[in-house]
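# Observations on chain architecture
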Amino acid sequence: MKQLLEVLGFLALVQGVGGLVCELADWDWGLVHRFSSFDGYELFASIALLVLSGALFAAAESQKPG
């Protein structure tokens, strides 16, 4: 379970950072830009992914190894 949380946290971190970079550099990369429901809210969705990744990493650290 710990490894699953770490992998999900890493994926959320990559997508959150990628979304921020894309929003600031005007690129078109990442999952946030693929969903039309996030139109106009890409920056907030990317920040939410970063917060989610922090929560997933914290949850992974609280788990017992194995």
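Fair warning: this is a prediction, and the values are worked out from it, not measured in the lab.

Here is what the cut-offs are and how they apply
- Residues numbered from 1 in each chain as written.
- Predicted model: local features only at pLDDT ≥ 70, side-chain atom pairs only at ≥ 80, totals over all residues.
- Heavy atoms only, no water.
- Helix = DSSP H or I, 4+ residues; strand = E, 2+ residues; numbered from the N terminus.
- Buried < 20%, exposed > 50% of the residue type's maximum accessible area, 1.4 Å probe, protein only.
- Contact = heavy atoms within 4.5 Å.
- Areas by Shrake-Rupley, 256 points an atom, 1.4 Å probe, with all protein chains shown as cover.
- Phe/Tyr/Trp six-rings, centres within 6.5 Å; stacked < 30°, edge-to-face > 60°.
- Expected span 1.5 Å × (residues − 1).
- Arc of directions from axis to C-beta.

### With respect to the overall build of the chain
Within the chain, the secondary structure is distributed over two helices and zero strands. For the chain, the C-alpha atoms occupy an extent of roughly 40 × 15 × 15 Å along the three principal directions. Across the 66 residues of the chain, 26% fall into the buried class. Here the analysis covers contacts within the chain between residues at least 6 apart in sequence; of these, 62% occur between residues at least 24 apart. By element, 68% of the accessible surface of the chain is carried by carbon and sulfur atoms, the whole surface being about 4,600 Å².

### Some remarks on the packing of aromatic side chains
All chains considered together, the criterion is met by one aromatic pair. Considering the side-chain rings of Tyr41 and Phe44, the 6.4 Å spacing of their centres and the 45 degrees angle between planes classify their relative orientation as tilted. Judged by its relative accessible area of 51%, Tyr41 falls in the exposed class. For Phe44, a relative accessible area of 55% puts it in the exposed group.

### Quick notes on helix H2 (residues 42–62)
Here H2 contains 21 residues, and its C-alpha end-to-end distance of 30 Å stays within 8% of the 30 Å for a straight helix at 1.5 Å per residue. Listed in full, the buried residues belonging to H2 are Glu42, Ala45, Ser46, Ser53, Leu56 and Ala60. Summarising the axial view, the buried residues of H2 lie within an arc of 95 degrees, below the 170-degree limit, and thus occupy one face. Set apart from the buried face of H2 by more than 90 degrees, the exposed residues are Phe44, Val51, Glu61 and Ser62. Along its buried surface, H2 packs onto helix H1 (2–25).

### As for H1
Compared with an ideal rise of 1.5 Å per residue, which puts 24 residues at 34 Å, H1 spans 34 Å between its outermost C-alpha atoms and is within 8% of the ideal. Restricting attention to buried positions, one finds in H1 the residues Leu5, Gly9, Ala12, Gln15, Gly16, Gly18, Gly19 and Cys22. Those residues of H1 that are buried are in contact with H2. Phi turns positive, to about 65 degrees, at Asp26, one or two residues after H1.

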